[in-house]
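# Topology and contacts: notes
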Amino acid sequence: MPPTVSIVTPVLADDVRLQRTLKSVAEQVGVDWEHILVGPRAPGCDLTSPQAEGDRRWLQVAGENPVGLINAGLRECRGDVVAWLFPGDVYYRDTLRVVAETFSEQAKADVVFGDAVLFDERDVPRGRYRTKRFSMRRLRKACCLCQPAVFLRRTSQQSHGDLDASLAYWSDYEYWLRLADAGAVFERTPQLLAGSEVPEATGVLHLGPFARDVEPNAVHELNGLFKRRRGQVPVRWLVHAGRVATLSDPSVRPYSVPHFLATLHHARAEAKKWEQSPWESPVDWLMLPHESARSEWKRL
């Protein structure tokens, strides 16, 4: 018998983005599912109407923190597999069936993930979030999983606790790192599983497709996360912080030699902020020109 699936969606506004998410879940076939909507105020849609393969229910929880709402919903899940889906993001028609079959075939899997499509507010595709076979090295270098396309076995999710609600930007990444450090088994399926909304204003795809990738506060939160977990911030993330700082500097012309030098200057300042020597790992710093050239090639 295929596993059942529970999806949690935090609800802070009743708008077209939420309706798009609800519709994508309601169209899932071939597997039993439940969709738990969590928030302080119930949306105006009909939550009691029967669905073809599953049911939708409302959980009223006070608070405006989306991660806290997700944690409350996860505690109420009854499915064998759990996931969370933010308003605006979508599943494709056979997503839950594919995920359930993958968990059935991979009995040792704690996490199943796949690819996602990135689209803007006008539903125009902007690219594909491509994943590769899981490795801890790749996960430490980048958040290489796209959150809407990640599903967890409920027993594993329960044993590793709640998402960190103190993190405004990186609660998903922290959770993947936590599971991987504990030895959880990640399995990739080659199927396209989800669509993730990326605001058009985000823009700078060579730094990352999501708004948090170019948000200074998010960069600070991420580096603080690594400092707490591992005692130091990886050079790659120090360099990324330098790029983000340079990006917001109006006096530097993009993609120029001064731009590169400003990135290096800001990256060294970031290292000093976290009480790390900017020359602790000289090989990584010498790779900075190569990384910059590679990111520019990807952008072009």
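Presented here is a report on the structure given in the accompanying data block.

On to the packing of helix α6 (residues 171-181) against helix α7 (residues 216-230), then. The geometry of α6 relative to α7 is characterised by a closest axis approach of 11 Å and an angle of 20° between their N-to-C directions. Classified by the angle their axes make, α6 and α7 are roughly parallel. Where α6 crosses over α7, the handedness of that crossing is right-handed. Facing Tyr173, Glu174, Leu177, Arg178 and Asp181 of α6, the residues of α7 in contact are Leu222, Leu225, Phe226, Arg229 and Arg230. Of the residues in the contact of α6 with α7, the class split is five nonpolar, no polar and five charged.

The side chains of a regular strand alternate, residue by residue, between the two faces of the sheet. Pairing of strand β5 (residues 90-91) with strand β9 (residues 186-197) involves two bridges; the strand directions are antiparallel. Bridged to Tyr91 within β9 is Ala194. Sheet analysis places strand β6 (residues 111-119) next to β9, joined by eight bridges and oriented parallel. Residue pairing in the sheet places Phe119 in a bridge with Glu197 of β9.

Looking now at the nonpolar core. Counting residues in hydrophobic clusters, the biggest one holds 38 residues, and the most contacted among them are Trp84, Leu152, Tyr173, Trp176 and Phe186. Of all the elements in the fold, those that place two or more residues in this core are β2 (33-39), α2 (66-75), β4 (81-84), β6, β8 (150-153), α6, α7 and α8 (235-247). Among the elements that line this core, the one with the most residues is α6, at six residues. For Trp176, the residues in contact, after removing those within four places along its chain, are Trp84, Leu139, Cys143, Leu145, Gln147, Val150, Leu152 and Phe186. Grouped together as the second largest cluster of nonpolar side chains are 26 residues, Val81, Ala83, Tyr129 and Phe210 included.

With that settled, consider unusual backbone geometry. Positive phi values are uncommon outside glycine, yet Glu275 reaches one of about 60°. Along the polypeptide, Glu275 turns up in the loop between α9 (257-273) and α10 (282-286). With a relative accessible area of 71%, Glu275 lands in the exposed category.

Definitions and cut-offs
- Residues numbered from 1 in each chain as written.
- Predicted model: local features only at pLDDT ≥ 70, side-chain atom pairs only at ≥ 80, totals over all residues.
- Heavy atoms only, no water.
- Axes fitted to C-alpha atoms, helices over the stretch in contact; angles between N-to-C directions.
- Helix = DSSP H or I, 4+ residues; strand = E, 2+ residues; numbered from the N terminus.
- Parallel < 35°, antiparallel > 145°, perpendicular 65-115°, else oblique.
- Left-handed = near helix turned anticlockwise from the far one by under 90°.
- Contact = heavy atoms within 4.5 Å.
- Nonpolar A, V, L, I, M, F, W, Y, C, P; charged D, E, K, R; others polar.
- Pairing = 2+ DSSP bridges.
- Core = buried A, V, L, I, M, F, W, Y, C linked by side-chain atoms within 4.5 Å.
- Buried < 20%, exposed > 50% of the residue type's maximum accessible area, 1.4 Å probe, protein only.

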